[in-house]
Amino acid sequence: MTSSADSENDLSWLRGTRVLVAGGRVSGQATIEPLVALGAVVTVADSTLDFAERCAELGADMVTTTSIEDAPDSITDYGLVVTSPGFRPDAPILAAAAGHGIPIWGDVEFSWRVDHSGHFGSPRKWLVVTGTNGKTTTTSMLASILDAAGVVGRACGNIGLPILDALAETSPRVEYLAVELSSFQLHWAPSVRPDAGVVLNVAEDHLDWHGGMSAYAEAKSRALSGKVAVVGLDDAIASELGTRATADKVTGFRLGEPGEGELGVDGGYLVDNAFGDHVRLAEAASIDPAGPAGVMDALAAAALARALGFDAGVVERGLAAHKVGPHRGALVGRVGSVVYIDDSKATNPHAARPSILAHDRVVWVAGGLLKGASVDQLVSEVGPRLSGAVLLGRDAGVIEDALARHAPDVPVVHVMSGDDAVVSENSSNSTLTIRLPPGADADAVMAAVVVEAADLASPGDAVVLAPAAASLDMFVSYGHRGDSFAAAVAALPDPYTDSPGEAGNLR
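Computed from a prediction, not measured in an experiment: that's the story for all the values here.

Enquirer: Got a minute to help me understand the overall build of the protein chain in this structure?
Expert: Counting secondary structure elements, the protein chain contains 19 helices and 22 strands. Taking 2.2 N^0.38 as the reference for a compact globule, 507 residues should give roughly 23 Å; the C-alpha atoms of the protein chain span a radius of gyration of 24 Å, in line with that estimate. C-alpha extents for the protein chain along the principal axes are approximately 75 × 60 × 40 Å. Buried positions account for 54% of the 507 residues belonging to the protein chain. Across the protein chain, the fraction of contacts at a sequence separation of at least 24, relative to all contacts at a separation of at least 6, is 60%. For the protein chain, the computed accessible surface area is about 20000 Å², with 51% contributed by carbon and sulfur atoms.

Enquirer: Where do I start with the nonpolar core in this structure?
Expert: For soluble globular proteins, the rule of thumb is that nonpolar side chains tend to be buried together. In this structure, Phe 110, Trp 126, Ile 163 and Leu 177 are the most contacted members of the largest nonpolar core, which totals 48 residues. Formed by 36 residues, the second largest nonpolar core is a distinct cluster that contains Val 129, Leu 146, Val 228 and Ala 301.

Enquirer: Would you mind going over the pairing of strand S7 (residues 153-157) with me for this structure?
Expert: As a general feature of sheets, a regular strand has side chains that alternate between the two faces. Taken together, the five bridges between S7 and strand S8 (residues 176-180) define a ladder with parallel strand orientation. What sits directly across from Gly 153, in S8, is Tyr 176. Where the polypeptide runs from S7 across helix H8 (residues 163-168) and back to S8, its parallel neighbour, the crossover connection is right-handed.

Enquirer: Even after reading the chapter, I still don't get the side chain of Ser 111, so can you show me in this structure?
Expert: When you line up the elements, Ser 111 lands in helix H6 (residues 107-117). Residue classification places Ser 111 among the buried positions, given a relative accessible area of 2%. Contacts of Ser 111, omitting those with residues within four sequence positions, involve Trp 126, Ile 163, Leu 164 and Leu 167.

Enquirer: For this particular structure, what's the right way to read the packing of aromatic side chains?
Expert: Pairs of aromatic rings are described using the distance from one ring centre to the other and the angle between the two planes. For the structure on display, the rule yields four aromatic pairs. Ring geometry for Trp 105 and Phe 110: centres 6.5 Å apart, planes at 25 degrees, overall stacked. Phe 110 shares its class with Trp 105; the two are buried. Aromatic pair Tyr 176 and Phe 310: ring centres 5.6 Å apart, planes at 55 degrees, arrangement tilted. Placement of the pair is Tyr 176 in strand S8 and Phe 310 in the loop between helix H13 (292-307) and helix H14 (312-321), with a sequence separation of 134 residues. Across the pair, exposure class does not vary: Tyr 176 and Phe 310 are buried alike. Of the aromatic side chains, those joined through ring pairs into one cluster are Trp 13, Trp 105 and Phe 110. The ring of Tyr 269 has Arg 280 sitting right over it, with the charged end atom 3.9 Å from the ring centre.

Enquirer: Just checking my understanding: could you explain unusual backbone geometry for this structure?
Expert: Outside of glycine, negative phi angles account for most residues, and trans bonds account for most peptide bonds. Here the bond from Ser 171 into Pro 172 is cis, since omega is 0 degrees, no more than 30 degrees from zero. Cis geometry is found at the peptide bond from Asp 288 to Pro 289, where omega equals 10 degrees. By secondary structure assignment, the location of Pro 289 is in the loop between strand S14 (279-283) and H13. Backbone geometry at Lys 371 places phi at a positive 60 degrees, although glycine is not the residue there. By relative accessible area, Lys 371 is classed as buried at 13%.

Enquirer: Which parts of the structure should I look at to understand the environment of Gly 318?
Expert: Within the secondary structure, Gly 318 sits in helix H14. Once the C-alpha coordinates of Gly 318 and Leu 146 are considered, the two residues, 172 residues apart in sequence, prove to be 7.2 Å apart. Every residue in contact with Gly 318, bar those within four places of it in the chain, is listed here: Ser 144, Ile 145 and Ala 148.

Enquirer: What is the right way to read the sheet that holds strand S4 (residues 80-83) from this model?
Expert: What the five strands build is an open sheet, ordered S3-S2-S1-S4-S5; its pairing is parallel. Where the open sheet ends on each side, the last strands, each with one partner, are strand S3 (61-64) and strand S5 (104-106). Each strand of the sheet is rotated relative to its neighbour by a mean of 25 degrees, with strand direction disregarded. Two elements, S4 and S5, share three bridges in a ladder whose sense is parallel. Residue Val 82 lies in a different strand from S5, and its bridge partner there is Trp 105. Helix H2 (residues 26-37) rests against strand S1 (18-22), strand S2 (41-46) and S4 of the sheet, and its axis sits at about 165 degrees to S1. The strands touched by H6 within the sheet are S4 and S5, with S5 carrying the most contacts at an inclination of about 85 degrees.

Enquirer: How should the pairing of strand S18 (residues 386-391) be read in this particular structure?
Expert: Most of S18 sits out of view: six of its six residues are buried. With helix H16 (residues 376-382) bridging strand S17 (residues 362-366) and its parallel neighbour S18, the resulting β-α-β unit is right-handed. The sheet contact formed by S18 and strand S19 (residues 412-417) spans three bridges and is parallel. Within S19, the residue paired with Val 390 across the bridge is Val 413. Viewed along the sheet, the connection from S18 through helix H17 (residues 396-406) into S19 turns out right-handed.

What counts as what
- Residues numbered from 1 in each chain as written.
- Predicted model: local features only at pLDDT ≥ 70, side-chain atom pairs only at ≥ 80, totals over all residues.
- Heavy atoms only, no water.
- Helix = DSSP H or I, 4+ residues; strand = E, 2+ residues; numbered from the N terminus.
- Rg over C-alpha atoms; globule rule 2.2 N^0.38 Å.
- Buried < 20%, exposed > 50% of the residue type's maximum accessible area, 1.4 Å probe, protein only.
- Contact = heavy atoms within 4.5 Å.
- Areas by Shrake-Rupley, 256 points an atom, 1.4 Å probe, with all protein chains shown as cover.
- Core = buried A, V, L, I, M, F, W, Y, C linked by side-chain atoms within 4.5 Å.
- Pairing = 2+ DSSP bridges.
- Right-handed = clockwise from strand over helix to strand, strands pointing away.
- Phe/Tyr/Trp six-rings, centres within 6.5 Å; stacked < 30°, edge-to-face > 60°.
- Lys NZ or Arg CZ within 6 Å of the ring centre and 35° of its normal.
- Axes fitted to C-alpha atoms, helices over the stretch in contact; angles between N-to-C directions.

In structure tokens:
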């Protein structure tokens, strides 16, 4: 008798089936070859035809999403839609598919089913990492632990490498997947049952996409539906999700001393009291990045590794080998006693908090797309540490208003691009507005921001780029935003540096 799991993983029905891939960029392109290999007839839909040549090379036709939106009944030509994570559930192309009862899989859902279909051999071990903040650092730490164990593993998913590309590697064959998943990806991946999964934390983010906090948290909870579920116990929402997890074993981690069945910190060491009896894993002071957030990420990575049976020595070596990536609290310049910190990856208020609190006095560089998140709680908490704030981006005004309410004595500069070069002052909240000339691009705005931040900084301050918002209103990516910040710091003229361009030298 065939089990439901077996029938779910049988993809033979795709042979001859017309499949529509929504999104022609990296994740969409990664689905084409496996679909074609499974016998599907593939069409890719995107807002432009810029990727048509590449899609054709991979074996797919390409159309614009508009052509399908203009003829919604044409969706019935397809037996499956595989969507990239950027498409919201209410996107017209997906709404049309759902309205006609056509199944919709995300690229992660498809990856899971392909892995368990036997197309690439026996299934891999899936270790899933999600949360509002810390996903990339935790996934990188986990990949470092897998390297230390001498097994073949890959960090993949939202961290950059498509899961399907990792599955296709054969020399050597990848056996362990350290999978970073966003809430978007989890929303479209209901079948994923990881060998171990962690929800690090849950704070307001992407509420515009999900339609509210409840749906956002529910998407995150799908990481807890496998064999072992791990949650951040110091986070109220993540901890509560643990009480509802359907995994065979549920554990958690905290910054304090671990209780029975938990991981935590005791006597300056990361300690495992869940998969061992108070087993020391690593010195807390050795973790990179330093500070509470880095220790929490290390505990999460250690929990996933320990869940699969890796010993304490492997965890210690893996964490020791891990070094923080760019744009995650990186020191990019020092001018006298003022340091410049790039935490462009802090794309929401929850992520910006530890970056600011890591320093006694801060000139805060913030702004971008808030995605519906509130900044009031963050501003209220960090306000006493602020020497000043320099704002940019579409939602800078929202942050400016929060500063006026909760930190009215903090000097604020709002740098804008616009029609005229104008400087004005709002006496009600001490905001200086600087409007750059027409045609000023994102890098020019950032250069002006850094000069204003340098003006506000006093000896001993940290100028911290922790935007609390996404970057895509102005920049290509958060990486571009961070690089732009670092370049502007390096280009600071006298009197900020001994000579122009030396700020980037960490002397």
